[in-house]
Amino acid sequence: MGYSFDPLTNEESTHPYPNIIKELLPTMMRMQFWFISVVPLVSGIGSPSFRRFVVNLLALLWKDLHQMRGMVDYMHVIASSIYESKKQALEKGDEAVMQQIGRGRDLISILMKENMNAADEDRLKDSEVIAQINTLIFGAMDTTSNAMARTLHLLSQHPEVQDKLRSELIEAKRQNGGQDFSYDQLDSLPYLDAVCRETLRLYAPVPVVIRTARQDAIIPLSGPLSGLNGTAMHAITVPKGTHVIVSILNSNKDPNLWGKDANEWKPERWLVPLPTKVTDARIPGVYSHLMTFIGGGRSCIGFKFSQLEMKVVISVLVESFRFAPSAHSADISWQMNTVTTPVVGKDPHPRLPIAVSLVN
Ligand code: HEM
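What you see is a predicted model, and the numbers here were worked out from it, not measured in a lab.

1. Here's the deal with the overall build of the chain
On a plain count of helices and strands, the chain comes out with 14 helices and eight strands. Taking the principal axes of its C-alpha atoms as reference, the chain extends roughly 65 × 55 × 45 Å. Buried residues in the chain amount to 37% of all 360 residues. By element, 59% of the accessible surface of the chain is carried by carbon and sulfur atoms, the whole surface being about 21500 Å². If you average the places of the 36 positive and of the 37 negative side-chain charges in the chain, the two averages end up 5 Å apart.

As structure tokens, then:
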């Protein structure tokens, strides 16, 4: 992205953006009826300024809409300012670009540079590039941060896994002369890899995605299903235009493939060869026989990057800190807000209270 939200310097200077992103999907879920049933019918009515006028009017009475409008506006302001600063640097030339975070090698700078040189008919509008910035920040941040939160939550509940992981990290660091790991070293730590993989299998941060059939299709089934009249069906006909809910979770934890312990969190399963049923199933996901990052032309473009982020953050934290259940642990639940989010009791705001102490 080539932009720092800088949340790690000190707490007082925490950037508001990550908190806004965290609240976006929970708020959207509270308004889901309107988003699914009403917005598609009215979103083309009148000019953008008329629609904005209606939203402003409704927001006077409707708290969630008021909050939503504020969050979307703020995201737009940030994305536009990232866009403007990169545009100015690109116009000034290479030296100005090199002064930027990412030195022009980040995704958005590359996209903008290519876009400036593209033929008129191929060029994205400013508003489309700004929309890409928002998509990337949003797609990357909420998913990966919740995957890391889930991993820490699981480690707090499984001290034996946590200890084993810490031992692997401490030993690898010792062998590395106390230096930080390189990408390859971090990527080759087997237990860290197993912990991340198992979390992304059993607790895929995006549990379902929705697709719409672009043409009539017949989908073969891995095993026969019984129809309403009792006939065995070996395939399902999907007419063009059908909305299909793809359950990532059901595929990732199918006991027919993964075995009887499919619903258990067991990092060890990744340290031995996977069941042949899994490897033979030809799951169409881009990652590790799993559907976590979905598959096909619209699969997640950040799946490698998110694993690197997870491994960097988890390895640094687990080496120095011990995670244990807190007094509120029994009240933690994970809400399926498109991206699964931790909450405590009836409080709708995302939170994950875990007891943290120094290892030594
Ligand atoms: C654990 C972390 C992540 C998970 C579980 C995840 C999962 C997914 C899933 C399931 C989709 C498909 C959504 C749909 O079509 O409805 C998707 C799309 C996408 N993801 Fe990720 N993602 C993660 C991290 C990231 C990161 C780090 C980035 C960026 C660096 C990213 C960028 C994107 C983008 C741009 C798309 C849209 C692709 C398209 O529609 O062509 N994601 N992701």
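2. So, the UniProt feature "binding site: heme" (unreviewed entry) in the chain
Per the UniProt annotation, the sites labelled "binding site: heme" (unreviewed entry) are C300. Owing to a relative accessible area of 32%, C300 belongs among the partly exposed residues under this scheme. Apart from residues no more than four positions distant in its own chain, C300 is found in contact with F293 and I294.

3. What to know about the pattern of salt bridges
Within the structure shown, the criterion is met by 19 salt bridges. Note that K87 and D126 form a salt bridge whose closest N and O atoms lie 3.9 Å from each other. In this pair, K87 sits in helix α4 (residues 63-92) while D126 sits in helix α7 (residues 126-157), placing the two residues 39 residues apart along the sequence. Exposure remark for K87: the relative accessible area of 24% places this residue in the partly exposed category.

4. A few points about the packing of helix α3 (residues 48-59) against α4
The angle between the axes and the distance between the axes are what describe a pair of packed helices. One way to put it is that α3 packs onto α4 with a least axis distance of 8 Å and a crossing angle of 130°. Our classification of the angle between α3 and α4 gives oblique. The handedness of the crossing between α3 and α4 is left-handed. Residue-level contacts link R52, V55, N56, L58 and A59 of α3 to L65, H66, R69 and D73 of α4.

5. Some words on the environment of G296
Inspection of the secondary structure assignment puts G296 in the loop between α13 (276-280) and α14 (303-320). G296 sits 195 residues away from I101 along the chain, and the two C-alpha atoms are 32 Å apart.

6. Details of the coordination of the iron atom of the ligand
Think of it this way: four donors in a tetrahedron around the metal ideally sit 109.5 degrees apart, and six in an octahedron ideally sit 90 or 180 degrees apart. If you check the protein contacts of the iron atom of the ligand, you find one donor only, C300 (SG), at 2.3 Å. Structurally, the position occupied by C300 is in the loop between α13 and α14.

7. Regarding unusual backbone geometry
Within the chain, H289 stands out as a residue other than glycine whose phi angle is a positive 60°. By the secondary structure assignment, H289 is in the loop between α13 and α14.

8. Concerning the nonpolar core
L155, L165, L192, W258 and I314 are the most contacted members of the largest nonpolar core, which has 45 residues in total. Only α7, α8 (159-175), α10 (190-202), α11 (248-252), α12 (255-258) and α14 provide two or more residues apiece to this core. Tallying contributions element by element places α10 first for this core, with seven residues. Judged by nonpolar contacts, the second largest core, of 24 residues, contains A59, Y83, I108 and I137.

9. Quick word on the side chain of S299
Of note, S299 is situated in the loop between α13 and α14. Within the local environment of S299, its side chain forms a polar contact with the backbone oxygen of G296, the two atoms lying 3.0 Å apart. With near-sequence residues (within four places) excluded, S299 lies in contact with V286, F293 and I294.

10. Quick notes on the domain arrangement of the chain
Looking at the assigned domains, one finds that the chain contains domain 1 (11-124) and domain 2 (158-207 + 247-358). Inter-centroid distance (C-alpha atoms) of domain 1 to domain 2 is 29 Å. Counting residues at the interface gives six residues for domain 1, matched by seven residues for domain 2. Both sides of the domain 1 and domain 2 interface together cover about 630 Å² of buried area, and 64% of this is carbon and sulfur. On the surface where domain 1 and domain 2 come into contact, there are zero salt bridges. Connecting domain 1 to domain 2 are one residue pair in polar contact (both at pLDDT 80 or more). Each residue belonging to the side of domain 1 that touches domain 2 can be placed in one class, and the counts come to three nonpolar, no polar and three charged.

Calculation rules
Residues numbered from 1 in each chain as written. Predicted model: local features only at pLDDT ≥ 70, side-chain atom pairs only at ≥ 80, totals over all residues. Heavy atoms only, no water. Helix = DSSP H or I, 4+ residues; strand = E, 2+ residues; numbered from the N terminus. Buried < 20%, exposed > 50% of the residue type's maximum accessible area, 1.4 Å probe, protein only. Areas by Shrake-Rupley, 256 points an atom, 1.4 Å probe, with all protein chains shown as cover. Lys, Arg positive; Asp, Glu negative; His and termini not counted. Charge placed at Lys NZ, Arg CZ, Asp CG, Glu CD. UniProt positions renumbered as here; feature names shortened; annotations may be inferred. Contact = heavy atoms within 4.5 Å. Salt bridge = Lys/Arg side-chain N within 4 Å of Asp/Glu carboxyl O. Axes fitted to C-alpha atoms, helices over the stretch in contact; angles between N-to-C directions. Parallel < 35°, antiparallel > 145°, perpendicular 65-115°, else oblique. Left-handed = near helix turned anticlockwise from the far one by under 90°. Donors = N, O, S within 2.8 Å, 3.2 Å for Na, K, Ca; no water. Core = buried A, V, L, I, M, F, W, Y, C linked by side-chain atoms within 4.5 Å. Polar contact = N/O pair within 3.5 Å; in protein donor to acceptor, adjacent residues only side chain to side chain. Domains from an automatic or database assignment. Buried area = accessible area lost by both parts, 1.4 Å probe. Nonpolar A, V, L, I, M, F, W, Y, C, P; charged D, E, K, R; others polar.

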